[in-house]
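A structural walkthrough
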Amino acid sequence: MQSTGRSPRREFLSRLNAGFARLGGWSYDHRFVVLAIAVALAVGSLALASRARIDNSYEAYFDAADPSFVAYETYREDFGSDEVSYILYSAPGATHGPWDLGVMRRVVELTRALEDEVPFVYEVQSLASAELMIGAEGGIEIVALRDRMPETQEELLEVRERYLAKPGFVGGVLSADARHAAIIVEMDRSSTDPIDEIRLDPEGGNALDNLYPQPTDSAIEEILARPEYAGIVFHHSGDVPMNAAYNRIIGGESGLLQAITSGVIATLLLLFFRSFVGVIGPLAVVQLSVLMVVAFVTAMGWKLGMSFTSAPTLLTAIGVAHSVHILSEFRARFAELADRREALVQTLYLVGAPCLLTSLTTAAGFLSMSFVPIPALAQMAVFNAFGVMAAFVLSFTLLMAFLSFGRRTPRRALSAAHVQTAKGGVRLQRALSGIAGFVIRARVGLLVAFALVFLVSGSGILRLVVDSNWLEDFKRDMPLRVHTEKIDAVMGGLTNLILLFDGGEPESAKDPAVLRDIDRVQQWANAQGLVRKSYSLVDVLKDLNQSFHAEDPAWYRLPESRDLVAQYLLLYESAGGSEGYDYVSSDFRRGALELRLRLAPTSETAALTRDLAAELEARPLEATTLRVTGIGALWVKLLDYIVWSQVQGFVIAFTAIAAMMCLLFASWKTGLIAMVPNLSPVILTLGVMGWSGIELDYSKVSIAAVAMGIAVDDTIHLVARFRHEFRRCGSYEEALRASLLDVGRALWITSVALVLGFLVLVFSSLASQVTHGILLATTIVAALVADFLLMPALVLSFHPFGPEGRGQGQRSGEPGVKLPRAA
């Protein structure tokens, strides 16, 4: 005997749907309570958000216990901040360029201005202040050009030859052809220092302009722009202007892009729904959601970094999707029922469970990245998931309150034409009906076509390259990128790799055996194409030895005994020398070899470290142990994280979302079929990246997991309605037509909103964000095509809802809900 009772799962769904229906009625009846709660949330969130801090330092990408990060922090404790501003300059209107007497005098004044007026400066190195070592009777003399400024042009040109003869200057503060020179402004602060230490004005608060590096960068730019330096062409780059640029983008661009996104979506909503409430309600939902996210970040003790730049745009585009489904369904129900409250109740009955699941799957897509070892991305995953769920709750309460205003019943009976318009109009209905008919006729051909797309995309994924280059974040016409590329072409060396040699005991860095280790590795490194310049204590000792022997180039070599090394260093210090001590720890146990690298993908730095490891394995060091650190080493470590994070995030997202789908539909067959259309846009997007040569870097590492979480939303709505209609009519073909005509319009509108919302990122100053937006938009287009064509073809072919037959008709038992047959 066949049981007529409901299964526990169906009973649960029935109660869930009824619960959403009651929520619709409650929001209608208590609209002013809902609005009051929303205002209180807005005020509280604004208070918390006002305390948010911006941080784009390397610290945001590494856990405090990460060995690579610990090694770098240890280096900084011994050797101080390695952040610099690098200023390349030339004087194209002067016969002798930087060595023109008038230009040099102005550079002397410029050096003093940078030393005296720029906050947080440790030291300024330039042709005017660099230590020139000269052999003198019985010792050495260290002079700076500004202290012995030549009186004539001929004397200055003689000095130029001395500088060109010093290997330590060429490629650092002077180009080999002497047509360019550089000023290196070294900092005594880092972006990761405690906030009390990076305030310009201790009483000035934590506004961005009062925190390092913003005031430092602004002061340098103001000085370089002064009229007294007219005729000197400057190119300013380095850590300070880069971090300042990122901070300005995070602080200003996020709000601008969100405003543009809101404007685009408002126009779209007005076009589709032609209703003031249909525009204001969704925008209020997403704006409050974004504000709550910033408050959440602050409450968690986190900071706003580069991962937050696209968050407002992303959340605005995603958050409005629920509103579109609610508005679309509400308009159709209100047109048919002519009762505002009942229309709201039935709307939430129909879309509540699918919207809940879409929110959970989107949140799962984000949260899958919360397990990655990159803190900035893990935090982004959590706060974006929080924003998605906040938008869901507000859509089902605040938007309901907005929709409750207005006449409960229309002034006059609505015509059939009005009902048709509420469902999207004749043209859209015909188009959706045509899509259904096309799928029914060509489902086998569609499955073959999508299989071919999968194969082509899969081969593209095999070509996908994991790599990164921070300069690629910026658009080609951005001044910072233009200046950086010029510096790299002339001098190079804006990225560093630090090789830290440990002699094992204090004073060991004076041991010739230790120094020979450093010298050997330095000579090996200088022969590598990636290395533009290197610095170490070895350079100073060789220069001292040469100066003691009448500047004879044959004596540019290391002293042969420990006693001689100690004597040279004592004389060096007595003569006023100090730059050499920047490359040795205070107890002389550790010596640093700084390699300045040309701008290149991180994979080349990784190859350099591998080659170094192979060299040292073949010829081990004599007296030291070596540790590789510096910003370059951190980027290499980040590259390893990117590969693991992409794989881990995708696997977690797929597993979590597939499990939710199978649970929702109480069928592994239905759940897995529903997952196929959501794999296709991800595979297509990664395939396009592979075929187009777009690298998978830290800004795109989450794209597969996040794209799947977003793309699955429309699939859930369509599959849920498809199954609902099949149970009503018992025919797959009829159910497809009915479901497309019911929810197809909402799917079309949400997809257009998401695509246009993501395309707003093309207005970003960051090229990485532009690419990210285009890729996400491409994913949504592919997802819509897969939902309209591939998913129905799979359902028609595999019959996951059961055998065709007589439908169940109108189900009863849901209090207060009368579900009309689909038009």
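Attention in this report is confined to the structure presented alongside it. (Residues numbered from 1 in each chain as written. Predicted model: local features only at pLDDT ≥ 70, side-chain atom pairs only at ≥ 80, totals over all residues. Heavy atoms only, no water.)

1. Observations regarding the overall build of the protein chain
To be explicit about the condition: In this description a helix means any DSSP run of H or I spanning at least four residues, a strand means any run of E spanning at least two, and both kinds are numbered starting from the N terminus. Whether a residue is buried, partly exposed or exposed follows from its accessible area with a 1.4 Å probe, protein chains only, as a fraction of its type maximum: under 20%, in between, or over 50%, in that order. Contacts were defined at the residue level, with two residues in contact if any of their heavy atoms lie within 4.5 Å.
A tally of helices and strands in the protein chain yields 24 helices and 10 strands. Considering only C-alpha atoms, the protein chain reaches an extent of 110 × 55 × 45 Å along its principal axes. Taken over 823 residues, the protein chain has a buried fraction of 59%. Pairs at least 24 apart in sequence give 80% of the contacts found in the protein chain among residues at least 6 apart.

2. Description of the environment of Gly-278
With respect to the element layout, Gly-278 can be found in helix α8 (residues 276-299). Spatially, the C-alpha atom of Gly-278 lies 8.6 Å from that of Phe-402, the residues being 124 residues apart in sequence. Leave out the neighbours within four places in its chain, and Gly-278 touches Leu-269 and Leu-327.

3. With respect to the sheet that holds strand β6 (residues 233-238)
The test is simple: Two strands form a pair only when DSSP identifies at least two bridges running between them. In this analysis an axis means a line fitted to C-alpha atoms, helices contributing only their contacting stretch, and an angle means the value between N-to-C directions, from 0 to 180 degrees.
The 4 strands lie next to each other as β2-β5-β1-β6, forming an open sheet whose pairing is antiparallel. The open sheet is flanked by β2 (121-125) and β6, the only strands paired with a single partner. Adjacent strand axes in the sheet meet at a mean angle of 15° when their direction is disregarded. Note that strand β1 (residues 84-90) and β6 share 6 bridges and pair antiparallel. Residue Tyr-89 lies in a different strand from β6, and its bridge partner there is Phe-234. Along the sheet, helix α7 (residues 239-273) makes contact with β1, β5 (181-187) and β6, crossing β6 at roughly 70°.

4. Some points on the nonpolar core
Rule in force here: Take the buried residues of types Ala, Val, Leu, Ile, Met, Phe, Trp, Tyr and Cys, join any two whose side-chain atoms come within 4.5 Å, and each joined set is a nonpolar core.
Core analysis: the biggest nonpolar cluster contains 86 residues, and Ile-318, Phe-383, Met-661, Phe-722, Leu-736 and Phe-758 have the highest contact counts within it. The residues contacting Met-661, other than those within four sequence positions of it, are Leu-357, Gly-671, Ala-674, Met-675, Val-712, Thr-715 and Ile-716.

5. Looking at unusual backbone geometry
A cis amide bond links Tyr-212 with the next residue in sequence, Pro-213, at an omega value of 10°. Although it is not a glycine, Ala-178 sits at a positive phi angle of roughly 65°. Positionally, Ala-178 belongs in the loop between α5 (153-164) and β5. Among the residues examined, Ala-178 registers a relative accessible area of 3% and is labelled buried. Its identity is not glycine, yet Glu-551 carries a phi of approximately 60°, on the positive side. Following the sequence through the fold, Glu-551 ends up in the loop between α17 (537-548) and α18 (562-574).

6. Points about the sheet that holds strand β8 (residues 531-535)
Read across the open sheet, the 4 strands follow the order β8-β9-β7-β10; overall the sheet is antiparallel. Looking at which strands have only one partner, the edges of the open sheet turn out to be β8 and β10 (625-629). Between one strand axis and the next, the sheet turns through 20° on average, direction left out of account. Of the pairings in the sheet, the one linking β8 to strand β9 (residues 590-597) comprises 4 bridges and is antiparallel in character. By the bridge assignment, Tyr-535 is partnered in β9 with Glu-594.

7. Comments concerning the environment of Leu-569
Tracing the chain through its elements places Leu-569 in helix α18. When the C-alpha positions of Leu-569 and Val-540 are compared, they lie 9.0 Å apart, and in sequence the two are 29 residues distant. Excluding anything up to four places from it in sequence, Leu-569 contacts Lys-510, Leu-537, Leu-541, Tyr-581 and Phe-588.

8. A short note on the packing of helix α6 (residues 214-224) against α7
The angle between the axes and the distance between the axes are what describe a pair of packed helices. We count it as follows: Any angle that is under 35 degrees is reported as roughly parallel, and any over 145 degrees as roughly antiparallel; angles of 65 to 115 degrees are reported as roughly perpendicular and all others as oblique. It is the rotation of the near helix from the far one that decides the hand of a crossing: anticlockwise by less than a right angle makes it left-handed, clockwise makes it right-handed.
Between α6 and α7, the least distance of the axes is 9 Å, while the angle of their chain directions is 115°. Between α6 and α7, the angle is such that the two are roughly perpendicular. The crossing of α6 and α7 is left-handed. Here Gln-214, Thr-216 and Asp-217 of α6 come into contact with α7, specifically with Val-240, Pro-241, Asn-243, Ala-244, Asn-247 and Arg-248.

9. Re the side chain of Lys-166
Structurally, the position occupied by Lys-166 is in the loop between α5 and β5. Discounting residues that sit within four places of it in the chain, Lys-166 has contacts with Leu-132, Met-133, Asp-543, Ser-547 and Glu-551.

10. Looking at the pattern of salt bridges
Opposite charge on two side chains permits pairing when their charged atoms draw close. Rule in force here: Here, a salt bridge means any Lys or Arg side-chain nitrogen found within 4 Å of an Asp or Glu carboxyl oxygen.
Throughout the structure, instances matching the rule amount to 33 salt bridges. Linking Arg-199 and Asp-196 is a salt bridge whose minimum nitrogen-to-oxygen distance equals 2.8 Å. The exposure class assigned to Asp-196 is exposed, which follows from its relative accessible area of 58%. Connected through shared salt-bridge partners, Glu-329, Arg-333, Glu-336, Arg-721 and Asp-742 make up one network.

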